[in-house]
Structure formats: C-alpha cells, structure tokens
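# Architecture at a glance
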Amino acid sequence: MSVMLKNIAIIAAGQGAPQGDENYCDNGIPFVKAGNLVELVEGKPITEIQKVSDEVAKKHKLRLYKKGSVLFAKSGMSCLKGYVYVLPQDAYVVSHLACVTPNEDISEYLRYYFQYNRPNKLIKDEAYPSISLADIEELKIDIKTQIERDSIVRNLASVAHLIGLQKKQLQEFDTLIKSRFVEMFGDPLLNPKGYPIKMLPEISEYWNGLTYKPEDVAEEGIIVLRSSNIQKAQLDFSDIVRVTCKIGVKKYVQDNDILMCSRNGSARLVGKVALISNRSERMSFGAFMMVIRSAYYSYLMTYFQTPAFRTQITTGATTTINQITSRMLDNVKVPVPDMKSIDEFARFVHQVDKLKLTAKEGLKKLEIMQKALMQQYFC
C-alpha cells in the first residue's frame, strides 16, 4: 500500500544552531549539525558530538526531535550525497537537515527505504542543491504490512550488523598498525629511543597537485585524485574525476607516494593521508592535495597520523587545521629510526594490508548482498 509520507510522519526542518562555544557543553542533549551527518553515518557515536544544556535550549527555543526520527540533508552540498541517519536518542537538529518523525513504529523501515530511495532524488538544481519540505511531504511510500516490514527490517538489520563487524575489523587493523608503530619506535613526541631528529625536507620532497578547469573534465582521461578519494587512510575510487588537460611529469603520482589533503572546506579533512600502491593506470592529483615522496614512506605514512605531526602543524590556540602548506612541512621535525627497523615495520604493514584486503573483499560481498535485498524490497 502506497501512502504519502505526510500521512505517516511529521516532516520538519531543524533550527539555527546557537553561535559560540559558550552555548555548548559536555553534558546535555546532542545538537546534530550538517557536518555531523557524514560522521554519524560513518559510525561516530552521537554522544561524541556537541551538546547543549536545557538552559541554552530554552533560551534559543530549540525543538527536540525524537529517537527514531530519520535525518537527511535538505540544503547545501550534503544533499548530493543522500546520507540518511536515524536518531538513536532524542536530539536537536540544525536547519540544513530535514527530520522525518514517523507516526508509528516504522522508523527502521523508513531508514532502509530511504537508503535505497535516496532523498537526493528530489533535488531540482544541483548547482544550488536543496529539497523542499513540500516535496518531502508528497513522497509516496510503500509501507507494506506490519509482518512484511518486520521481516524486511530483520533481514536488512542482520546484513547491516555483519557489515558493521567487517568495518570494525578494518578499523582494528589500523589500530594494530599504529600500536606496532609505537611499540617499535615509541611515541614520536617523546622520542624515548633517542632517534636522530631530522627536518622533513631532509628525508622527503613534497609539492601540490594539478590545477584544472571545468572544461578539462571528461569521461575518458587521467584520474585526478582529490580529498574524496581518501577514506579512512585508504584510496577510494567510488567518486573519481578524469581530465584531458596537459599534465607535467611531477603531477603524476608514483607507487609509495603519500597522498595528503592539504586544503579543504571541512577542516577535519585536512591532513588525512593515503598511500599510493598497485596503480592500475596513470593518475594525477588535485591542487588541494599534496604528494610526499620519501624512502621512509612506510614510517611517514603512520607518523602523519600521529598527534606528534598534528601538533607541529597546528597554529594558534585551536587544534583546528585549515590548510597545510609546504612551508609548514618544512618546519616539521621527525625522529628517524634506522632503515633496518623501518623495513621491518614495512613488512609488518604489508602483512596487515593483505589481511585488510581479504576483509575488504568480504565487506564488498556483504554490501552487494545488501543492495540486492534493498532492490528486491523497495524497487
């Protein structure tokens, strides 16, 4: 049975976020902002985002959205991604997000429904992406019977649980590498083993990437690696851009290069890294990216993910990093172990990477299964 969404749910937009750090606290109700949506979808606990007290909520007349409400972006570039998130607890929500609160116990069903029938299909102008509440209200939803909904949710929840376990395993592999790094070399901030300190330019070279024009983008051409191609310290090719413009020799990446995001509209993404390896074709990298090339790549790849590195490129009283420049890297000091130890660490990383590859293949099969089930249930 198909019904309009407005007949089975309350549809509303969030509200403007209180401005100033003084309005947020450690203990209170979470306030979900547009930037939090991706983090929450990727698994960040809602308890770790900013919170507001009852006093601040009352002062700003904030509306509380109920546990089980379905959130997705209704304006801004986040609309294009179509991320969907179900509130695991009551929360306040920013105005860029739409909040769908079901009239009955169908929030889990709607979450999976919207994961397949992405809300971004309602966008009319991708140059200025937005989704109107009126269009959301008029959506026709096939809600099926209670028995069918329960079966669908149970099956999809089982697959989602297995996917979560695989993702957690991948995270644990990354933790293992970082733990092994500290075990072998100690905390780089303290340098307990007394390794010689060298400036980063002494052991590596680095430069920014390719500047290209919109008319250079084509379906066939050279891949230009961007910030979106780094996901959890790994290369991801689910969203690629190709160009046909002239590319200088230094603008091509090589195996064992470290790709770093040097500038981004989201400060939390600046400094993330991935190692280039096993390329299947030639690739370049964008102007907001940087390549670090070094014989110490296996050591530096993990070093760049440590507080020791972040501390040296942070300026001012805040820990936020808006960009990383070559001049900033010029001033980075690195404790440098002997090459024999670094090679040993590289072999360990290589073995872990093989295990990660197996886990990724398992994850991909589960995601294919999930997509097939959703197509069967919601197409």
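It should be emphasised that the depicted structure is a prediction, and the values quoted were computed from it without experimental measurement. Counting from 1, residues in each chain are numbered in the order their sequence is written. Under the rules for a predicted model, residues below a pLDDT of 70 receive no local features and side-chain atom pairs below 80 are neither given nor counted, while totals for whole chains, interfaces and linings still include all residues. Side-chain descriptors were evaluated using all non-hydrogen atoms of the structure, hydrogens and water having been removed beforehand.

## Notes on the overall build of the chain
- Within the chain, the regular secondary structure consists of 10 helices and 20 strands.
- By the compact-globule yardstick of 21 Å for 379 residues, the chain fits well, its C-alpha radius of gyration being 23 Å.
- For the chain, the residues scored as buried account for 44% of the 379 residues in total.
- Computed by Shrake-Rupley with a 1.4 Å probe, the accessible areas treat only the displayed protein chains as cover when residues are assessed. Only carbon and sulfur atoms are counted for the fraction: they give 51% of the accessible area of the chain, which is about 20400 Å².
- Both charge centroids of the chain, one from 50 positive and one from 42 negative side chains, sit 1 Å from each other. Strands here mean DSSP runs of E at least two residues long; helices mean DSSP runs of H or I at least four residues long; both are numbered from the N terminus. Our radius of gyration looks at C-alpha atoms and nothing else; its globule reference is 2.2 Å times the residue count to the power 0.38. When a residue's accessible area, from a 1.4 Å probe over protein chains only, is under 20% of the maximum for its type it is buried; when over 50% it is exposed; and in between it is partly exposed. Under the counting rule used here, the positive set is Lys and Arg, the negative set is Asp and Glu, and His together with the chain ends is not counted. Throughout, a charge is located at the NZ atom of Lys, the CZ atom of Arg, the CG atom of Asp or the CD atom of Glu.

## A word on the pairing of strand S8 (residues 97-102)
- Here S8 lies mainly inside the structure; 6 of its 6 residues are buried.
- Of the two faces of S8, the one holding Leu-97, Cys-99 and Thr-101 and the one holding Ala-98, Val-100 and Pro-102 are both buried throughout.
- At least two DSSP bridges between two strands are needed for those strands to be called paired. Sheet analysis places strand S5 (residues 70-73) next to S8, joined by 4 bridges and oriented antiparallel. Counterpart to Leu-71 in the pairing with S8 is Cys-99.

## Overview of empty space enclosed by the protein
- Residues are said to line a cavity or pocket when one of their atoms sits within 4 Å of a point; the points come from a 1 Å grid over protein atoms alone, cavities being sets where a 1.4 Å probe fits but cannot get out and pockets being open sets with protein on both sides within 12 Å along at least five of seven lines. Grid points are joined across faces, edges and corners, and a volume is the space filled by probe spheres set on the points. Across all of its chains, the model carries 1 cavity of 30 Å³ or more by this definition.
- Considering only enclosed or pocket space, the largest cavity measures out at about 30 Å³ in volume.
- What lines the largest cavity is Leu-37, Phe-72, Ala-73, Ser-78, Cys-79, Gly-82, Tyr-83, Pro-119, Asn-120 and Ile-131.
- Side-chain classes are defined by residue name, with Ala, Val, Leu, Ile, Met, Phe, Trp, Tyr, Cys and Pro counting as nonpolar, Asp, Glu, Lys and Arg as charged, and the others, Gly among them, as polar. Grouping the amino acids of the lining of the largest cavity by side-chain chemistry returns 7 nonpolar, 3 polar and no charged.

## Examining helix H1 (residues 34-41)
- Taken together, the buried positions of H1 are occupied by Asn-36, Leu-37, Val-38, Glu-39 and Leu-40.
- Note on contacts: a residue pair qualifies if any of its non-hydrogen atoms lie within 4.5 Å across the two residues. If you follow the buried residues of H1, they end up packed against strand S3 (29-32), S5, strand S6 (84-86) and S8.
- One or two positions beyond H1, positive phi appears at Gly-43, with a value near 115 degrees.

## A look at the sheet that holds S5
- Pairing in this open sheet of 4 strands is antiparallel, and the strands run S2-S8-S5-S6 from one edge to the other. Strand pairing shows two members of the sheet lacking a second neighbour, strand S2 (9-13) and S6, which therefore form its edges. On average, each strand axis in the sheet is inclined to that of its neighbour by 20 degrees, with strand direction left out of account.
- Where H1 meets the sheet, it contacts S5, S6 and S8, and its direction lies at approximately 80 degrees from that of S6.
- Comment: axis = line fitted to C-alpha atoms, over the contacting stretch for helices; angle = value between 0 and 180 degrees taken between N-to-C directions. Along the sheet face, helix H3 (residues 107-116) touches S5, S6 and S8 and points at about 170 degrees away from the line of S6.

## Section: the packing of H3 against helix H10 (residues 339-378)
- In contact at an axis separation of 10 Å, H3 and H10 are set at 105 degrees when each is read in the N-to-C sense. When the axis of H3 is compared with that of H10, the two are roughly perpendicular. Along its contact with H3, which presents Tyr-109, Tyr-112, Tyr-113, Gln-115 and Tyr-116, the element H10 presents Met-374, Gln-375 and Phe-378.
- Partitioning the contact of H3 with H10 into residue classes produces 6 nonpolar, 2 polar and no charged. Roughly parallel refers to an angle under 35 degrees, roughly antiparallel to one over 145, roughly perpendicular to one between 65 and 115, and oblique to any angle outside these ranges.

## Brief notes about the nonpolar core
- What is meant by a nonpolar core is a set of buried Ala, Val, Leu, Ile, Met, Phe, Trp, Tyr and Cys residues, joined one to another through side-chain atoms within 4.5 Å. Leu-5, Leu-300 and Phe-304 are the most contacted members of the largest nonpolar core, which has 95 residues in total.
- Residues in contact with Leu-300, not counting those within four places in the same chain, are Leu-200, Ile-203, Ser-204, Ile-258, Ser-294 and Val-334.
- Membership of the second largest hydrophobic core comes to 14 residues, among which are Leu-225, Ile-230, Met-283 and Met-289.

## So, the packing of aromatic side chains
- The pairing test for Phe, Tyr and Trp rings, Trp by its six-membered ring, is centres within 6.5 Å, and the orientation test on the planes gives stacked under 30 degrees, edge-to-face over 60, and tilted for anything in between. Within the structure shown, the criterion is met by 17 aromatic pairs.
- Judged by centre distance (5.6 Å) and plane angle (70 degrees), the rings of Phe-185 and Phe-345 are edge-to-face. On the criterion of sequence distance, the pair formed by Phe-185 in helix H5 (residues 146-185) and Phe-345 in helix H10 is long-range, its members being 160 residues apart. The burial state of Phe-185 is the same as that of Phe-345; both residues are buried.
- Ring-over charges, as used throughout, are those where CZ of Arg or NZ of Lys falls within 6 Å of the ring centre and within 35 degrees of the ring normal. Across from the ring centre of Trp-207, 4.1 Å away, lies the NZ or CZ of Lys-250, which sits over that ring.

## Considering the layout of surface pockets
- Quantified by volume, the second largest pocket comes out at close to 230 Å³.
- In this structure, the second largest pocket is lined by 13 residues; those nearest its centre are Arg-226, Ser-227, Gly-286, Ala-287 and Phe-288.
- In the lining of the second largest pocket, the residues fall into 6 nonpolar, 5 polar and 2 charged.

## Observations concerning the pairing of S3
- In this sheet, strand S4 (residues 51-52) lies alongside S3 in antiparallel orientation, the contact comprising 2 bridges. If you follow Pro-30 over to S4, its bridge partner there is Lys-51.
- Examined bridge by bridge, S3 and strand S7 (residues 92-93) share 2 bridges and lie parallel to one another. What sits directly across from Val-32, in S7, is Val-93.

## Let's talk about the environment of Met-77
- Mapped onto the elements, Met-77 comes out in the loop between S5 and S6.
- For Met-77, a relative accessible area of 56% gives the class exposed.
- Through-space distance from the C-alpha of Met-77 to that of Tyr-128 is 7.8 Å; in sequence the pair is 51 residues apart.

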